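Survey of secondary and tertiary structure
Each chain, letter by letter, is given below.
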Amino acid sequence: MSRPMHYEERPDGDIKAYTGTKLHCKNWDAEAALRMLMNNLDPQVAINPGELIVYGGAGRAARNWTEYNRIVRTLKTLEEDETLCIQSGKPVYIAPTHKAAPRVVITNSNIVPRWATPENFDRYDEMGLTMYGQMTAGSWIYIGTQGILQGTYETLAAVAKTHFRSDSLKGRFVLTAGMGGMSGAQPMAATMNEAVILDVEVREERIQRKVDEGYCNKITTDLDEALQWIMDAKQKGVPLSVGLVGNAAKVHPELVKRNITPDVVTDQTPAHDLSSYVPIGDLEELDELRLTKSEEYHRRTLSSIKRHVEAILEMQNRGSIVFDYGNNLRAQAELAGVAIRDDVGGFKYKGFVLEYIRPLFCEGKGPFRWAALSGDPHDIEVIDARILEMFPEDQALARWIKLASETVPTLGLPSRVCWLGYGDRAKLGIEINRMVGSGEIKAPVVIGRDHLDCGSVASPFRETEDMLDGSDAIADWPLINFALNAVNGASWVSFHHGGGVGIGNSLHAGMVIVADGTNEREQRLRKVLTVDPGVGIARHVDAGYEIAVNTARQKSVKIPE
């Protein structure tokens, strides 16, 4: 349960990132950090900006409005040889460093392991000592729902190839739940793969928002109407996304009762946080209960998760392809008493990284992203066109760029996500920097990535589930990643605990570097964008993955003999 916000210091009006070439800070690195912090809280981007919540249940950009204002004031006066240190959403130290050092170092939710429990975290949060930063919320590189769109798209494309031996999910019915900041990518990702998808979400306004933005086609409060739309589209083989206002703990068992078995089932409810998942009941009463009787709320949450997951398992028994999308639903279901393990101790259905994404991680690929600080969508269009010129042999990349340019709305600062691997990230970063310097792009560009990347996270329930060498919980790798990016000159770096799967379950690092058009910055871009995915390849080589070994050999990634 989060500590009450300091509303008396909240800025008037909606927060919108500065745009254009005028500096409000003393250098572009600090300016970029300020603009991305503001962008995180743009009402077009954040799920609940009034409470500083960006996405992921309770993932915040700053601890409270008092600290947000202190961060803004400090960034505006930060010198180019100083580094602002952020401790869980609170500015605590301006360190003397040097020009090529990160301008900001951010940490969120890091608790000594023995004390790293959800209960202790809630207590520290209420005491005003910490905050939950999720992944990109507290590291100021969230770009809205688009941030997870390509990863969801690639996952569903892999589902089609793996299970249906097809290049698309045409005529296939996908069932899921959750339509918040990240989970709102599911409808568009499914229709991009030509699927029919039913996405169950308890809060009507969240579905309506995604319909208005273009991420989802239709909304209804009636299950029968939703199913009629779904079955008609499935029969005709046309893509369609339907948002159903309802609770998965009620809807999924009802589908089982009606003997309706989807082709694919997954989930992106905020189950990682028992205070964010919405159990069966009246929403207003539950919101009050969450604040006043958290233990009772958690009991109801676990009861609903039990119904939810037991229905998913029954669908799997009846033939559905089921995978976990990394929200810790399986572990919470186990806590609720669901028999979620198989005979050898593994989960009865696997996570999406283990099933579909790890081969990409072995190649150093992951959710690379950038944002145009000019505020002009044309800058993103120019970069899209240059990518198609630079990587003409990469058909999957070309398909994604064309789909994204045609369908993804511009919300907040114009941005793009794109899964690029070792070598290609540095190549593109250097080219973007050159384009900024030449004036082809109107202002500097922020380059970063999700914390969900090839070598930046230890998360046994998601990114590092069932590693080949048993190293699921070994967290040295994100620390190496954090250190390498800092020493090589990233514009800002971050290290968080608990993102994606909840407190106690993950450690992960973030990185951002600004392409400012200078020759000096080209060298930093080359180093950062090389070592960042490079440690991902090394991590998978060390675990024994042949794809990673071959990639290291082909790309001349140096691994000690």
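Everything numeric here is computed off the predicted structure, so don't read it as measured data.

Procedures and definitions
Residues numbered from 1 in each chain as written. Predicted model: local features only at pLDDT ≥ 70, side-chain atom pairs only at ≥ 80, totals over all residues. Heavy atoms only, no water. Helix = DSSP H or I, 4+ residues; strand = E, 2+ residues; numbered from the N terminus. Rg over C-alpha atoms; globule rule 2.2 N^0.38 Å. Buried < 20%, exposed > 50% of the residue type's maximum accessible area, 1.4 Å probe, protein only. Contact = heavy atoms within 4.5 Å. Lys, Arg positive; Asp, Glu negative; His and termini not counted. Charge placed at Lys NZ, Arg CZ, Asp CG, Glu CD. Right-handed = clockwise from strand over helix to strand, strands pointing away. Pairing = 2+ DSSP bridges. Phe/Tyr/Trp six-rings, centres within 6.5 Å; stacked < 30°, edge-to-face > 60°. Expected span 1.5 Å × (residues − 1). Core = buried A, V, L, I, M, F, W, Y, C linked by side-chain atoms within 4.5 Å. Axes fitted to C-alpha atoms, helices over the stretch in contact; angles between N-to-C directions. Salt bridge = Lys/Arg side-chain N within 4 Å of Asp/Glu carboxyl O. Polar contact = N/O pair within 3.5 Å; in protein donor to acceptor, adjacent residues only side chain to side chain. Disulfide = S-S within 2.5 Å.

**Points about the overall build of the chain**
- Along its length, the chain carries 18 helices and 17 strands.
- By the compact-globule yardstick of 24 Å for 561 residues, the chain fits well, its C-alpha radius of gyration being 22 Å.
- For the chain, the spread of C-alpha atoms along the principal axes amounts to about 65 × 55 × 45 Å.
- The proportion of buried residues among the 561 residues of the chain is 62%.
- Looking at the chain alone, contacts between residues at least 24 apart form 71% of all its contacts between residues at least 6 apart.
- Of the charged side chains in the chain, 62 are positive and 75 negative; the average position of the first set lies 1 Å away from that of the second.

**So, the environment of valine 45**
- With respect to the helices, strands and loops of the structure, valine 45 is situated in the loop between α1 (28-40) and β1 (53-55).
- For the pair valine 45 and threonine 145, spaced 100 residues apart in the sequence, the C-alpha separation amounts to 7.7 Å.
- Once residues within four sequence positions are removed from consideration, valine 45 is found in contact with Asn39, Asn40, Val54, Tyr142, Ile143, Gly144, Arg209, Leu411 and Gly412.

**Observations regarding the pairing of strand β6 (residues 173-177)**
- Within β6, five of the five residues are buried, which leaves the element mostly enclosed by the surrounding structure.
- Taken together, β6, helix α5 (residues 186-192) and strand β7 (residues 196-201) constitute a β-α-β crossover, and its handedness is right-handed.
- The sheet contact formed by β6 and strand β10 (residues 264-265) spans two bridges and is parallel. If you follow leucine 175 over to β10, its bridge partner there is valine 265.

**Quick notes on the packing of aromatic side chains**
- All told, the structure shown has 11 aromatic pairs when counted by the stated rule.
- Look at tyrosine 55 and tyrosine 142: their rings are 4.6 Å apart centre to centre, the planes differ by 5°, and that puts the pair in the stacked class. Taken as a pair, tyrosine 55 in strand β1 and tyrosine 142 in the loop between α3 (118-126) and α4 (146-164) lie far apart in primary sequence, 87 residues in all.
- Judged by relative accessible area, tyrosine 55 falls into the buried class, the value being 4%.
- Assessed through its relative accessible area of 1%, tyrosine 142 is described here as buried.
- Note on phenylalanine 323 and tyrosine 356: the rings are 5.5 Å apart at their centroids and 85° apart in plane angle, and the pair reads as edge-to-face. You can see phenylalanine 323 sitting in the loop between β11 (321-322) and α11 (329-335) and its partner tyrosine 356 sitting in helix α12 (residues 352-362), a full 33 residues away along the chain.

**A look at α4**
- A rise of 1.5 Å per residue sets the reference length of α4, with its 19 residues, at 27 Å; its end C-alpha atoms lie 26 Å apart and thus fit the reference within 8%.
- The buried fraction of α4 is high, at 16 of 19 residues.

**Remarks on the side chain of serine 241**
- With respect to the helices and strands, serine 241 occurs in strand β9 (residues 240-245).
- With sequence-adjacent residues up to four places away left out, serine 241 is seen in contact with Pro187, Thr191, Ile197, Tyr215, Cys216, Asn217 and Lys218.

**A short note on the nonpolar core**
- Residues Tyr68, Leu75, Trp140, Trp370, Ile447 and Trp492 are the most contacted members of the largest nonpolar core, which totals 111 residues.
- With residues up to four places along the chain from it excluded, the contact list for tyrosine 68 reads Pro11, Ile15, Leu37, Met38, Leu41, Leu52 and Ala62.
- Counting 39 residues, the second largest nonpolar core, distinct from the first, contains Leu175, Leu255, Ala311 and Phe347.

**Things to note about unusual backbone geometry**
- Its identity as a non-glycine residue notwithstanding, glutamine 134 has a phi of 50°, on the positive side.
- The topology assignment puts glutamine 134 in the loop between α3 and α4.
- In this model, aspartate 466 sits at a positive phi of 55°, which is unusual for a non-glycine residue.
- Here aspartate 466 lies in the loop between β15 (457-458) and α16 (476-487).
- On the accessibility criterion, aspartate 466 (47% relative accessible area) is partly exposed.

**Quick look at the sheet that holds β9**
- Spatially, six strands are ordered β8-β9-β7-β6-β10-β11 in an open sheet, and the strand pairing comes out parallel. The open sheet has two edge strands, β8 (218-220) and β11, and neither has a second partner.
- Where helix α8 (residues 248-257) meets the sheet, its contacts fall on β6, β7 and β9, and the angle it forms with β6 comes to roughly 150°.

**Some thoughts on the pairing of strand β17 (residues 507-515)**
- β17 sits mainly inside the fold: eight of its nine residues count as buried.
- As judged from the four bridges shared by strand β14 (residues 445-449) and β17, these two strands associate in the antiparallel manner. The residue bridging glycine 448 from the neighbouring strand is valine 512, located in β17.
- Summarising the sheet, β15 and β17 pair through two bridges and their orientation is antiparallel. Note on β17: the bridge partner recorded for alanine 458 is leucine 507.
- Bridging between strand β16 (residues 492-497) and β17 involves six bridges; their strand directions are antiparallel. Note that in β17 the partner of histidine 496 across the bridge is histidine 508.

**With respect to the pattern of salt bridges**
- In the structure shown here, the tally under the stated rule is 42 salt bridges.
- Its salt-bridge partner being arginine 203, residue aspartate 287 comes within 3.2 Å of it at the nearest N-O pair. Here arginine 203 lies in the loop between β7 and α6 (204-213) and aspartate 287 lies in helix α9 (residues 283-292), a separation of 84 residues in the sequence.
- Residue aspartate 532 is joined to arginine 449 by a salt bridge in which the shortest nitrogen-to-oxygen separation is 2.7 Å. One end of the pair, aspartate 532, is in helix α17 (residues 519-543); the other, arginine 449, is in strand β14, and 83 residues separate them in sequence.
- Given the relative accessible area of 1%, aspartate 532 is considered buried.
- Judged by relative accessible area, arginine 449 falls into the buried class, the value being 0%.
- Three or more residues are tied together by salt bridges with common partners; here these are Asp29, Asp516, Glu520, Arg521 and Arg524.

**Overview of helix α13 (residues 377-390)**
- Taking 1.5 Å per residue as the helical rise, α13 with its 14 residues ought to reach 20 Å, and the 20 Å between its terminal C-alpha atoms agrees with that figure.
- Buried residues of α13: Asp379, Ile380, Val382, Ile383, Asp384, Arg386, Ile387 and Met390, and no others.
- Summarising the contacts, the buried residues of α13 are in contact with β12 (366-372), α14 (395-407), β13 (415-420), α15 (424-438) and β14.
- Between the side-chain oxygen of the N-cap and the backbone nitrogen of histidine 378 there are 2.9 Å, and the N-cap of α13 in question is aspartate 376.

**Quick word on the state of the cysteines**
- Evaluated as defined, the whole model comprises zero disulfides.
- Its sulfur unpaired, cysteine 454 is 9.4 Å from the next cysteine sulfur, which belongs to cysteine 362.

Take it as geometry only, folks, not as evidence of what the structure does.
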